[in-house]
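Letter by letter, the chains look like this.
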Amino acid sequence: MAEYTPLPLILAAEQFAKLPGIGMKTAQRLAYHVLNMTTDDVGHFANTLITARESVRCCSVCQNFTEKETCVICTDERRMNDVICVVESPRDVTAIERAGGFEGSYHVLHGLLSPMDGTGPEQIRMKELMARLSGDVAEVIMATNPTVEGEATASYICRLIKPMGIKVSRLAYGLPVGASLEFADDVTLVRAMENRNLI
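This structure is a prediction, so every number in the text was calculated from the model and none was measured.

### A look at the pairing of strand β3 (residues 80–87)
At step 1: Where β3 and strand β4 (residues 104–108) come together, five bridges link them in parallel fashion. The residue bridging Met80 from the neighbouring strand is Gly104, located in β4.
At step 2: Traced from β3 through helix α5 (residues 90–99) to β4, the parallel crossover comes out right-handed.
At step 3: Direction of pairing for β3 relative to strand β5 (residues 139–142): parallel, over a ladder of four bridges. Counterpart to Val83 in the pairing with β5 is Glu139.

Printed below as a string of structure tokens:
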């Protein structure tokens with residue numbers, strides 16, 4: 001921002017720019033918007049963020065975000081506790097729950113293995129996952145993203161779990177509904193062919 005911009009406005013924009021998916025132009029717009037809000041609204045906005053940060057914790061079972069010791073999914077007696085879907089972040093739990101159809105439980109890793117970034121098994125919730133597998137778990141579904149880090153994490157966990165006699169599966173990848181074959185990339189087409197289903 002230019003030298004004629006007040007320093008507090010610059011600092012506010014820099015804080016917004018730290019959020020994922022927010023570039024400096026969007027951060028500046030957000031900072032200007034905040035300055036146009038009433039002092040009460042800004043205070044309420046700030047207090048809401050502080051309250052969320054202080055009151056939300058990780059579930060003692062699945063590591064998903066919750067306000068209580070154990071989240072509503074883990075305390076739901078209708079869920080199948082012998083099937084665990086392993087995801088990268090709480091956002092993934094929200095996406096799967098929104099889609100519906102899954103009635104098992106979750107385990108949130110809060111990251112993926114990435115040696116280049118210094119993220120090893122100790123930095124994600126691997127210890128908590130392995131502790132859960134000592135119970136009556138029949139299947140672990142790997143639902144990490146189809147990125148290099150997601151695939152590496154899924155492979156690593158699979159190697160740890162298979163000797164325990166637990167079934168390990170991976171989400172199927174392929175063509176999204178409504179997609180056109182001519183616009184699909186090569187990897188997606190290969191995955192779609194490998195994961196084809198009988199009709």
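### Section: the sheet that holds β5
At step 1: Pairing is parallel across the open sheet formed by four strands, whose spatial order is β4-β3-β5-β6. Strands with a single pairing partner mark the edges of an open sheet, and in this sheet they are β4 and β6 (167–170). Between one strand and the next, the sheet's axes are offset by a mean angle of 25°, whatever the strand orientation.
At step 2: Of the strand pairs in this sheet, β5 and β6 are connected by four bridges, and their pairing is parallel. Bridged to Ile141 within β6 is Ser169.
At step 3: On the sheet, helix α7 (residues 148–161) packs against β3, β5 and β6 and is oriented at approximately 170° with respect to β6.

### Observations concerning the packing of helix α1 (residues 7–17) against helix α2 (residues 24–36)
At step 1: With their axes 8 Å apart at the nearest point, α1 and α2 run at an angle of 125° to one another. By the criterion of interaxial angle, the relationship of α1 to α2 is oblique. The handedness of the crossing between α1 and α2 comes out as right-handed. Packed against α1, whose contacting residues are Leu9, Ala12, Ala13, Glu14, Phe16 and Ala17, the element α2 presents Met24, Ala27, Gln28, Leu30, Ala31, Tyr32, Val34 and Leu35 at the interface.
At step 2: Of the residues contributing to the contact of α1 with α2, the split by class is twelve nonpolar, one polar and one charged.

### Brief notes about the packing of aromatic side chains
At step 1: Applying the stated criterion across every chain yields a total of one aromatic pair.
At step 2: Taking 5.2 Å as the distance between ring centres and 65° as the angle between the ring planes, the aromatic pair formed by Phe102 and Tyr106 counts as edge-to-face.
At step 3: With relative accessibility at 18%, the residue Phe102 sits in the buried group.
At step 4: For Tyr106, a relative accessible area of 2% translates into the label buried.

### Looking at the nonpolar core
At step 1: Val86, Leu133, Val140, Met142, Ile157 and Ile161 are the most contacted members of the largest nonpolar core, which totals 17 residues.
At step 2: Among the elements of the structure, β3, α6 (126–132), β5 and α7 are those that each provide at least two residues to this core.
At step 3: Examining the composition of this core, we find that four residues originate from one element, α7, more than from any other.
At step 4: Setting aside its immediate chain neighbours within four residues, Val140 contacts Ile84, Val86, Leu133, Ile161, Ile166, Lys167, Val168 and Ser169.
At step 5: One finds Cys74, Val83, Val87 and Ala143 within the second-largest nonpolar core, a separate group that totals 14 residues.

### Thoughts on unusual backbone geometry
Working note: non-glycine residues mostly have negative phi, and peptide bonds are mostly trans.
At step 1: Unlike most non-glycine residues, Gln63 shows phi in positive territory, near 75°.
At step 2: Considering the arrangement of structural elements, one finds Gln63 in the loop between β1 (57–58) and β2 (65–66).
At step 3: In this structure, His110 takes a positive phi of about 60° despite not being glycine.
At step 4: Examined against the element boundaries, His110 turns out to sit in the loop between β4 and α6.

### As for the environment of Phe183
At step 1: Among the secondary structure elements, Phe183 is positioned in the loop between β6 and α8 (186–194).
At step 2: C-alpha separation for the pair Phe183 and Val83, spaced 100 residues apart in sequence, amounts to 35 Å.

### Topic: the environment of Arg159
At step 1: With respect to the helices and strands, Arg159 occurs in helix α7.
At step 2: Given a relative accessible area of 59%, Arg159 falls into the exposed group.
At step 3: With 99 residues separating them along the chain, Arg159 and Ser60 place their C-alpha atoms 25 Å apart.

Conventions adopted
Residues numbered from 1 in each chain as written. Predicted model: local features only at pLDDT ≥ 70, side-chain atom pairs only at ≥ 80, totals over all residues. Heavy atoms only, no water. Pairing = 2+ DSSP bridges. Helix = DSSP H or I, 4+ residues; strand = E, 2+ residues; numbered from the N terminus. Right-handed = clockwise from strand over helix to strand, strands pointing away. Axes fitted to C-alpha atoms, helices over the stretch in contact; angles between N-to-C directions. Contact = heavy atoms within 4.5 Å. Parallel < 35°, antiparallel > 145°, perpendicular 65-115°, else oblique. Left-handed = near helix turned anticlockwise from the far one by under 90°. Nonpolar A, V, L, I, M, F, W, Y, C, P; charged D, E, K, R; others polar. Phe/Tyr/Trp six-rings, centres within 6.5 Å; stacked < 30°, edge-to-face > 60°. Buried < 20%, exposed > 50% of the residue type's maximum accessible area, 1.4 Å probe, protein only. Core = buried A, V, L, I, M, F, W, Y, C linked by side-chain atoms within 4.5 Å.

Everything listed here is a matter of geometry and, on its own, says nothing about what the molecule does.
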